[in-house]
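Here is how the chains run, residue by residue.
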Amino acid sequence: MAGVRAVGILSRFATSKYSRLSGHGHRSLSMSSSLLARTYANYEIKDGVAVIRINDPNSKVNTLSKPLQAEMTEILEEIWGNSAVKGAVLISSKPGSFIAGADLNMIQACKSAEEVTTLSQEGQKMFDKIEKSPIPIVAAINGSCLGGGLEFAIACQYRLATKSKKTVLGTPEVMLGLLPGAGGTQRLPKMLGIPAAFDMMLTGRNIRPDKAKKMGLVHQLVDPLGPGLKSPEEATIQYLETVAIEAAKNLANKKLSVKKEKGLVQKLQDMVMGLPFVRKQIYNMVTKKVMGQTKGLYPAPLKIIECVQTGIEKGTTAGSLAESVNFGNLAMTSESLALRGLYHGQVACKKNNFGSPARDVKNLAVLGAGLMGAGIAQVTFDKSVRTILKDTTVEGLTRGQQQVYKGLNDKTKKKAITSFQRDTTMSFLTGQLDYRGFDQADMVIEAVFEDLNVKHKVIKEVEAVIPPHCIFATNTSALPIKEIAAASKRPEKVIGMHYFSPVDKMQLLEIITTDKTSKDTTASAVAVGLKQGKIIIVVGDGPGFYTTRCLAAMLAEAVRVLQEGVGPKKLDALTKGLGFPVGGAALADEVGIDVAAHVAEDLGKALGSRFGGGNVEVLKTMVQKGYKGRKSGKGCYVYEKKSKDKKVNPGVEEILKAYQLKPAPSVSGDEDVQYRLLSRFVNESVLCLQEGILPDPVQGDIGAVFGLGFPPCLGGPFRFVDSFGADKLVQKMHRYEEVYGNQFSPCQLLLDHAKDSNKRFHK
Amino acid sequence: TIYFLSKTLAKPNVKNIVLVDGVRTPFLLSGTSYSDLMPHDLGRGALQGLLNRTGVPKEIVDHIIYGIVIQEVKTSNVAREAALGAGFSDKTPAHTVTMACISSNQAMTSAVGLIAAGQCDVVVAGGVEFMSDVPIRHSRKMRKTMLSLNKAKTLGQRLSLLGSIRMGHLMPELPAVAEFSTAESMGHSADRLAAAFGVTRVEQDEYALRSHRLAKKAQDEGLLSDIISFQVPGKNIISADNGIRPTSMEQMGKLKPAFVKPHGTVTAANSSFLTDGASAVLIMSEEKALALGYKPKAYLRDFVYVSQDPKDQLLLGPTYATPKVLEKSGLTMEDIDVFEFHEAFAGQIVANLKAMDSDWFAQNCMGRKSKVGVPPMEKFNTWGGSLSLGHPFAATGCRLVTTVAHRLQKEGGQYGVVAACAAGGQVFLPKYTYAQLARADTEYSRGATVQVFLVHSFGLFSVHVLCMKMTMCKSVQKHF
């Protein structure tokens, strides 16, 4: 049961790179009556095998839309009615996409759960027909085969997949708060066994072709080809088609059998799964695991378990009904709405809205080989950008280079890349102590110590050696960019690029522009960020920009909560209970208590008493005692390499005792503590929008979720206000305001929304 | 030094370099009659055969260069061990080169370079491969333990090291079956290449069958005169290749794919097989050869090495290199009388022929305006090839060049081209893509001597290794 892994939605969003379920607008349907000129799918008969080619003319990927389904049904009827056709092949003409999933807009357009249920049942019916096809249908998969696309493929009699890097299979519905609603919950357990099916559907993770073959998801693999008489992409599709036609013929004349001899382990597993008692144990175990990881905040995984269980225990008819009904209900939940919103937001934040930069960044230099600097280098040089990593000491540089190497070597160990690719990739990185080669740099990103004087010194040094076109980006979490740019001779080339630690895991990049930053500089920074694989928000300059500001507000409240006697463990449980992937105290340890103290003090000075609450002295005392968080081995918790269970640092308990505050009973219940933390975060977000730091609510939601771990089930602070109700939130805040003062004063924009329930951040 | 070479060669009065003669041992399927030997034994056989056939005085040989791919660790400079054993002078330096399947081509072009640079006048080049035995190592863990054991001082230390040995330590390490850079085996790559060019199973089987039939014919007619007999010490005398097996399309069609399963097209029957064998050639400056009274068999003229992406174009070297060398020497495909291309896989040969016939490939992959053009099959590998004669990796290059010379003599041709991709046989494979090409023309004024132009390519740095002037050749042509 290694299967059921964290439904830690955040981390999964962080690794999802799908182009699945792409949401493009509605298209005009031109349903031609002509047999040979359909829009989304066509077929030709080759050697007694009908080759059905899918190609959505309006999109880069194929999606399972209503018109496609309609055309497909027509085609299948024609084929089944033609006695000359002995088999069929289902293939996409697009190089990178088989079928990337169901059309999300189709679901979005539904007004009620019943409507969505009907959609699901239509899909189920079509795939049932395919499963019962009188002739063998071979799904020839190249590119993304996800969600509804995968359900289509597993209804076919035989599956071939290319080993292309673009070929991925999976059921990512859970990440959108949905479930595989077109027979997936019924077919997958039968095909893969219950544990593997749960693993696949509950994690929603991408499955590579090799793994898919091993687990029995596809029958046969085909290698991608290089250039020959055509381009590699065309050649590969044609090769796949040839092999698929051969397979269809062999299936038709019984030369090829779908039934595979089961291995001993498989037989044993089947036998064990045959026992109702064992199955019950499994359902319980999986449910427990899901509850542990989701805190019950996400309904979709539980419904998936329910559908699988119904199908197995009560038969497919009951299972299918449960699947379609649950699919409809889930589509209407606020969680699904939130997750789908995040998906769309993420797609929007992977575009460059500033045009293409005048120059491509081919040579990049990173200053400072600390955790951040090395992390930035790590996500840059492996995209074939020549990268210099500069530090001032051999020790610092060595550590940084080791971090970079470890990142790549881990990929090698996981077989994501070969050792040869690792070594060639490493050749793009140069570690050094001087400014050699900076005259070739197109962009310099500094990640030196967070001190304005140090930053000023560095900017002057660098500007003396870089060419005129070179952009100077500063990676700071709180220092206003315009203050850093004050030392620059060319402020239009200065920009903030705020990365999140660990850089190779965290997907967000917050880009900060000053009023002097040129559009081309912004375009270039966004282009680099996109190349680094980041989701990007572009915000205005100010103390703490957007993300740090929201986090600081919440952390200030967290410190107060600690001072009021709620222990770090309890605090973490409460924050996690909201849906944050990391608890408040643990998060402070991860960020670094010194950084937190620094930020708290700076923002307190810049933004005044609104950032009060917890006493900054608590953090400062911790720093003095060397409790700097995980990096120093001690923070709120004690970090030991061997022990899994974190122990609360007794030193911190002492400090908290010294700064003890008396809790106000009226606002100190568990739920109130949670809302105190949440409302300060949300209010600060809305204030950022009000002040123009944030350009729009979408980027606000994306920044909060992907950068700070704001609960994905809430969809971000703005989505939360919409679904929770601004008026209710304001009510709560007023209660806290009475006790604590202006830290809980709702900002004007929030008040406006509270007054008028028609005002919403998301349409 | 490379630039130095081309500069000196750019001067007029460049020396002409000739192939005096070439020999090889019979090529045997690995695991047959040679199976108890060591690589240098076979090398010794070829070198001794060359001495006997040419009667070259040992003391005038300036240098010996020998190629090998899978090295026997006991004889890492196999050139020296083989030369000493063959009775060459112990005053003649010898070194070993390696460049996957074109190792002996590298040996020959190194020899050409030494002579052209004026360093030597008489050089012996060749290569050997012995696949009946390959070095199988202890695992890295075990080796580490054993090396530490050497250094252990006390009994306690030794015991604790011995105690650390686990089952996992005992797993042996076989020579790599896959390309180091791409982790793909050569046969697998050939199968993909064939698919990319739409080469069918039938086309491959037909080509393989042709190779075996032509080799059989050449063998029966006594054309494979480069073979010298080899007496396996203490055993019988071997005087013929044993891998030539012309069967039928039906028989070949029964085989299952060897690499890509179940839909692949490359089988054991349409691939070259693991082979034991050695070859050697005697190369001299023309003046030296004539002064010694030899009637050289060919001029070695020019060569080019090219290299491509090792993933998708591993075996396409000949397509890239052929037009380069032709253009360099102002010749066209029609001028060539004899083509000898190394046959790693039937699919690879047919794919190359299709690539040479494709405008799309020429325009999109080679940056040419139009296709290279296909060699006419009646001039192509007419005495069999690596598929049928066998492919001892590092010995194949010399066989190709000697065969071109012999075919030009026999058929009365003027120019010949040799091309080889550095494809291994089926398993033990090289690291990059190499292609080798040679061209020859006949010069009647000196009897049946032939000019061979060698062309080579290597690595990501495409280097012009040698650029020899065509003056002599052209004046001769005018004369006739």
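Small disclaimer: the values here were computed from a predicted structure and weren't measured.

## Digging into the overall build of chain B
When you go through chain B residue by residue, the secondary structure sums to 16 helices and 13 strands. By the burial criterion, 59% of the 480 residues in chain B qualify as buried. Looking at chain B alone, contacts between residues at least 24 apart form 80% of all its contacts between residues at least 6 apart. Surface exposure of chain B reaches about 18800 Å², of which carbon and sulfur atoms provide 55%.

## Re the UniProt feature "site: Important for long-chain enoyl-CoA hydratase activity" (unreviewed entry) in chain A
Residues and elements named next belong to chain A. This chain's UniProt record puts "site: Important for long-chain enoyl-CoA hydratase activity" (unreviewed entry) on Glu151 and Glu173. Taken along the chain, the residues just named run across 23 residues; in space they keep tight, none of their C-alpha pairs more than 11.4 Å apart. Annotated residues from the preceding list that form part of the lining of the largest cavity: these are Glu151 and Glu173. Among the structural elements, glutamate 151 can be located in helix α5 (residues 148–155). Its relative accessible area of 3% is what places glutamate 151 among the buried residues. Setting aside residues no more than four positions away along its own chain, glutamate 151 makes contact with Phe127, Glu173, Pro180, Gly181, Ala182, Gly183 and Gly184. Topologically, glutamate 173 is positioned in the loop between β8 (168–170) and α6 (184–192). With sequence-adjacent residues up to four places away left out, glutamate 173 is seen in contact with Gly147, Gly148, Glu151, Leu178, Leu179 and Pro180.

## Digging into the pairing of strand β13 (residues 443–446) of chain A
Residue and element names in this part refer to chain A. The alternating pattern of β13 places Met443 and Ile445 and Val444 and Glu446 on opposite faces, both of which are buried. Alignment of strand β10 (residues 363–367) against β13, held across four bridges, turns out to be parallel. If you follow leucine 367 over to β13, its bridge partner there is glutamate 446. Pairing analysis gives four bridges linking β13 to strand β14 (residues 471–474), with the strands arranged parallel.

## So, the packing of aromatic side chains
As enumerated under the stated definition, the model contains 18 aromatic pairs over all chains in all. Ring geometry for Tyr740(A) and Phe744(A): centres 5.9 Å apart, planes at 40°, overall tilted. A relative accessible area of 15% means that Tyr740(A) is categorised as buried. Look at Phe339(B) and Phe341(B): their rings are 6.2 Å apart centre to centre, the planes differ by 65°, and that puts the pair in the edge-to-face class. One exposure class covers both Phe339(B) and Phe341(B), and it is buried. Members of the aromatic cluster, each reached through a chain of ring pairs, are Phe580(A), Phe681(A) and Phe710(A). Here the guanidinium or amino end of Arg386(A) rests over the ring plane of Phe428(A), the centre of that ring lying 4.6 Å away. Over the face of the ring belonging to Tyr637(A) we find Lys646(A), whose NZ or CZ atom lies 4.6 Å from the ring centre.

## Comments concerning the nonpolar core
A general feature of soluble globular proteins is that nonpolar side chains tend to end up buried together. All names here are of chain A. By size, the foremost hydrophobic cluster in this structure holds 98 residues, and its most contacted members are Val444, Tyr546, Leu678, Phe710, Phe720 and Leu750. Top contributing element to this core by residue count: helix α27 (residues 670–691), with ten residues. Those residues in contact with leucine 750 that lie beyond four places of it in its chain are Asn683, Val686, Val721, Ala726, Leu729, Val730 and Met733. Core analysis: the second largest hydrophobic core is formed by 75 residues, Ala41, Leu76, Leu188 and Val218 among them.

## Some remarks on the interface of chain B and chain A
At the junction of the two partners, chain B supplies 19 residues and chain A supplies 17 residues. Carbon and sulfur atoms supply 66% of the area that chain B and chain A bury against each other, a total of about 1600 Å² over both sides. At the junction of chain B and chain A, the tally comes to zero salt bridges. Those elements that place two or more of their residues in the side of chain B that touches chain A are α7 (186–196) and α13 (359–365) of chain B. Considering every element that reaches the side of chain B that touches chain A, the biggest residue donor is α7(B), with five residues.

Scoring rules and cut-offs
Residues numbered from 1 in each chain as written. Chains lettered and ligands numbered in written order. Predicted model: local features only at pLDDT ≥ 70, side-chain atom pairs only at ≥ 80, totals over all residues. Heavy atoms only, no water. Helix = DSSP H or I, 4+ residues; strand = E, 2+ residues; numbered from the N terminus. Buried < 20%, exposed > 50% of the residue type's maximum accessible area, 1.4 Å probe, protein only. Contact = heavy atoms within 4.5 Å. Areas by Shrake-Rupley, 256 points an atom, 1.4 Å probe, with all protein chains shown as cover. UniProt positions renumbered as here; feature names shortened; annotations may be inferred. 1 Å grid on protein atoms, 1.4 Å probe; cavity = no way out; pocket = protein on both sides within 12 Å on 5 of 7 lines; lining within 4 Å. Pairing = 2+ DSSP bridges. Phe/Tyr/Trp six-rings, centres within 6.5 Å; stacked < 30°, edge-to-face > 60°. Lys NZ or Arg CZ within 6 Å of the ring centre and 35° of its normal. Core = buried A, V, L, I, M, F, W, Y, C linked by side-chain atoms within 4.5 Å. Buried area = accessible area lost by both parts, 1.4 Å probe. Salt bridge = Lys/Arg side-chain N within 4 Å of Asp/Glu carboxyl O.

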